[in-house]
Amino acid sequence: MSEGNFSEWLRARCEPTWTEVVTHPFAEAITKGTVPDDDMRRYLSQDFQFVDTFTALLGAAVACADSFEARVPYGRFLGQVATTEEKTYFHRALDALGAGAGATVLEPVTEDFRTLMDEARTSQDYVLIVAVLCVAEWTYLGWASRATPPYPDNFVHREWIELHEGPEFREWVGFLRGELDRLGPGLDENHRQEVLSVFHRAVELEKRFFDMARG
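Visitor: Whenever I open this one, the pattern of salt bridges confuses me. Can you help?
Guide: Any two side chains of opposite charge can pair if their charged atoms end up close together. Throughout the structure, instances matching the rule amount to 14 salt bridges. As a salt-bridge pair, D38 and R41 come within 2.3 Å of each other at their nearest N and O atoms. Linking D38 with R41, this pair stays in helix α4 (residues 37–47), spanning three residues, or about one helical turn. Since its relative accessible area comes to 22%, R41 is described here as partly exposed. Ionic pairing is found between R121 and D118, a salt bridge with its closest N-O pair at 3.3 Å.

Visitor: Teacher, can you tell me more about the packing of aromatic side chains here?
Guide: Aromatic ring pairs: the centre-centre distance and the angle between the two ring planes describe each pair. Summed over the entire model, instances satisfying the criterion amount to 22 aromatic pairs. Where F26 meets F210, the ring centres are 6.0 Å apart and the plane angle is 35°; that geometry is what we call tilted. Of this pair, F26 sits in helix α3 (residues 25–32) while F210 is found in helix α11 (residues 189–214), placing the two residues 184 residues apart along the sequence. The same class applies to F26 and to F210, which are both buried. Every member of this aromatic cluster is reached through a ring pair, and the members are F26, Y43, F48, F50, Y89, F90, F113, Y140, W143, W160, F209 and F210.

Visitor: Got a minute to help me understand the packing of α4 against helix α9 (residues 155–163) in this structure?
Guide: Two quantities define a packed helix pair, namely the angle between the axes and the distance from one axis to the other. Contact pair α4 / α9: the axes reach a minimum separation of 12 Å and the direction vectors enclose 40°. Classed by the angle they form, the pair α4 and α9 counts as oblique. Along this stretch, α4 crosses α9, giving a crossing that reads as left-handed. Where α4 abuts α9, its residues M40, Y43, L44 and D47 lie against V156, H157 and W160. Broken down by class, the residue content of the contact of α4 with α9 amounts to five nonpolar, one polar and one charged.

Conventions used here
- Residues numbered from 1 in each chain as written.
- Predicted model: local features only at pLDDT ≥ 70, side-chain atom pairs only at ≥ 80, totals over all residues.
- Heavy atoms only, no water.
- Salt bridge = Lys/Arg side-chain N within 4 Å of Asp/Glu carboxyl O.
- Helix = DSSP H or I, 4+ residues; strand = E, 2+ residues; numbered from the N terminus.
- Buried < 20%, exposed > 50% of the residue type's maximum accessible area, 1.4 Å probe, protein only.
- Phe/Tyr/Trp six-rings, centres within 6.5 Å; stacked < 30°, edge-to-face > 60°.
- Axes fitted to C-alpha atoms, helices over the stretch in contact; angles between N-to-C directions.
- Parallel < 35°, antiparallel > 145°, perpendicular 65-115°, else oblique.
- Left-handed = near helix turned anticlockwise from the far one by under 90°.
- Contact = heavy atoms within 4.5 Å.
- Nonpolar A, V, L, I, M, F, W, Y, C, P; charged D, E, K, R; others polar.

Following this line, the structure appears as structure tokens:
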């Protein structure tokens, strides 16, 4: 691993699963607007279960970051996207898909992903927190950036793509990668392998999540 390239070092060691995530048939179907309503409802209903856990993980990043300059992007993303734009999208999309008001039964992969986020949060280890956040955001940029305009007419598909593509989201992913690249060279080998283990676990869960959504 060369200095300043930790995020790419991590990603490369998660192949071929990483590529299987960003080119997943379910993700490709989202970009084309061809996911059946039942599958999209199941997928978004499960994804919505991450909102609270993901928000808590962002809060942990604010608390554990090692500088004010690092804290600011988390706070900005937390306020502008995670608790406003994305949550509003979920309510509108699930309503349009006819999702019931009852409690959602968690799929095993959803439970496993929430467990990983909670473990990273409670570890209070900043680099582990960043690793989980980076996988979640970078893989979604990966598949969303493969969409080609014009995006689907149905807002359920179109806005989900737009939430994970564009200059602001690319800047956000670049920040997360930059934090890993900044921190990686200073880690000892044991800590580096711990980060790789968490990163790889998150990538595997992203693959399982799309597999679940596809049915």
